[in-house]
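Each chain, letter by letter, is given below.
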Amino acid sequence: TATNALDVPMLLSPANGVSLNYNNFWFDWSDVSGAVSYEAQFSQSNSTDGSGSLNVGVWSGDASHNQPMESKAWSSGATGTWYWQVRAVDAAGNKSAWSTPWKITLDLIAPVAVTLSSPANGVVVNGASVTQSWNASASSDVDHYIYESYNNANATSLRWSQTVNGLSKTAANVANATYWWRVKAVDAAG
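Residues numbered from 1 in each chain as written. Predicted model: local features only at pLDDT ≥ 70, side-chain atom pairs only at ≥ 80, totals over all residues. Heavy atoms only, no water.

Q: Hey, could you run me through the overall build of the protein in this one?
A: Each helix and strand counted, the protein has zero helices and 14 strands in total. Pairs at least 24 apart in sequence give 64% of the contacts found in the protein among residues at least 6 apart. Total accessible area computed for the protein in this model is approximately 10,700 Å², and 48% of it derives from carbon and sulfur atoms. (Helix = DSSP H or I, 4+ residues; strand = E, 2+ residues; numbered from the N terminus. Contact = heavy atoms within 4.5 Å. Areas by Shrake-Rupley, 256 points an atom, 1.4 Å probe, with all protein chains shown as cover.)

See the structure below:
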């Protein structure tokens with residue numbers, strides 16, 4: 001008997017090319033008329049065979065009952081670039097072509113902490129302005145830094161917070177008081 005070809009599912013999310021700093025999300029694709037289940041593939045290579053199937057280090061998942069599919073079901077999820085694709089399956093076991101692979105990057109590693117350099121810890125600074133400096137994070141993917149100063153040592157009373165692209169922050173009109181400060185590196189994945 002003749003069968004009608006199934007449409008190829010259209011990938012919806014996560015968006016093609018996105019970088020994520022967490023591994024708890026949903027893979028989603030369009031519903032295909034006549035499909036009773038879906039199959040998903042994941043690989044760190046976008047190499048495909050003649051049928052469009054990923055073919056290097058593939059982890060396959062049965063998405064029969066999970067549309068969308070939760071990422072925690074994807075046991076191979078690890079830091080790095082991944083490619084994923086989906087195909088539809090009908091009640092007779094006929095399968096659509098694979099969708100064109102989409103790429104996601106999982107960045108689950110935080111940047112290396114910065115080292116504060118000046119002024120030295122506990123030093124008294126005279127004048128109404130102070131420049132605070134730090135050494136660059138040893139991580140190669142740092143996008144920016146977040147500078148924070150506090151009114152107390154346990155960092156519960158925020159005085160100032162600012163995104164900084166360089167390695168220093170100058171505060172002007174500083175009142176005569178004691179302040180605590182810290183800096184954290186933020187990578188491209190946030």
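So much for the structure itself; the text now carries on.
Q: Can you help me understand the sheet that holds strand β13 (residues 168-171) in this one?
A: The strands making up a sheet associate through backbone hydrogen bonding, with each pair oriented either parallel or antiparallel. Taken in spatial order, the three strands of this open sheet run β9-β10-β13, and their pairing is antiparallel. The open sheet has two free edges, formed respectively by β9 (115-118) and β13, since each of these has just one partner strand. Neighbouring strand axes in the sheet, compared pairwise and without regard to direction, differ in orientation by 25 degrees on average. Where β9 lies against strand β10 (residues 130-135), three bridges are found, and the strand directions are antiparallel. For Ser118, the partnering residue across the bridge sits in β10 and is Ser133. (Pairing = 2+ DSSP bridges. Axes fitted to C-alpha atoms, helices over the stretch in contact; angles between N-to-C directions.)

Q: I keep staring at the pairing of strand β8 (residues 102-106) and nothing clicks. Help me out?
A: Sheet faces and side chains relate simply in a regular strand, where the side chains alternate between the two faces. As defined by bridge partners, strand β2 (residues 18-20) adjoins β8 across three bridges and the pair is classed as parallel. Looking at the pairing, Ser19 lines up with Thr105 of β8. Relative to β8, strand β7 (residues 80-90) runs antiparallel, the two being bridged by five bridges. Looking across to β8, one finds that Trp84 is bridged to Trp102.

Q: Help me out: how do you make sense of the sheet that holds strand β12 (residues 158-164) in this one?
A: Ordered in space as β12-β11-β14, the three strands form an open sheet in which the pairing is antiparallel. Taken across any chain shown, the strands that pair with only one partner, and hence form the sheet edges, are β12 and β14 (180-187). Averaged over neighbouring strand pairs, the angle between their axes works out to 15 degrees when direction is ignored. In the sheet, strand β11 (residues 142-150) pairs with β14 via eight bridges, with the strands oriented antiparallel. Pairing of Ile146 across the sheet is with Lys184, part of β14.

Q: What is the right way to look at the packing of aromatic side chains in this model?
A: By convention here, two paired aromatic rings are described through the distance between centres and the angle between planes. With the rule as written, the count across this model stands at seven aromatic pairs. The ring of Tyr179 has Arg159 sitting right over it, with the charged end atom 3.9 Å from the ring centre. (Phe/Tyr/Trp six-rings, centres within 6.5 Å; stacked < 30°, edge-to-face > 60°. Lys NZ or Arg CZ within 6 Å of the ring centre and 35° of its normal.)

Q: How do you make sense of the pattern of salt bridges when you look at a structure like this?
A: Scanning the model with the defined rule gives three salt bridges in all. Put simply, Arg87 and Glu39 hold a salt bridge, and the shortest N to O gap is 2.7 Å. Taken as a pair, Arg87 in strand β7 and Glu39 in strand β4 (residues 35-43) lie far apart in primary sequence, 48 residues in all. A relative accessible area of 18% places Arg87 in the buried class. Judged by its relative accessible area of 22%, Glu39 is partly exposed. Several salt bridges share partner residues, and in doing so they unite Glu39, Arg87 and Lys95 into one network. (Salt bridge = Lys/Arg side-chain N within 4 Å of Asp/Glu carboxyl O. Buried < 20%, exposed > 50% of the residue type's maximum accessible area, 1.4 Å probe, protein only.)

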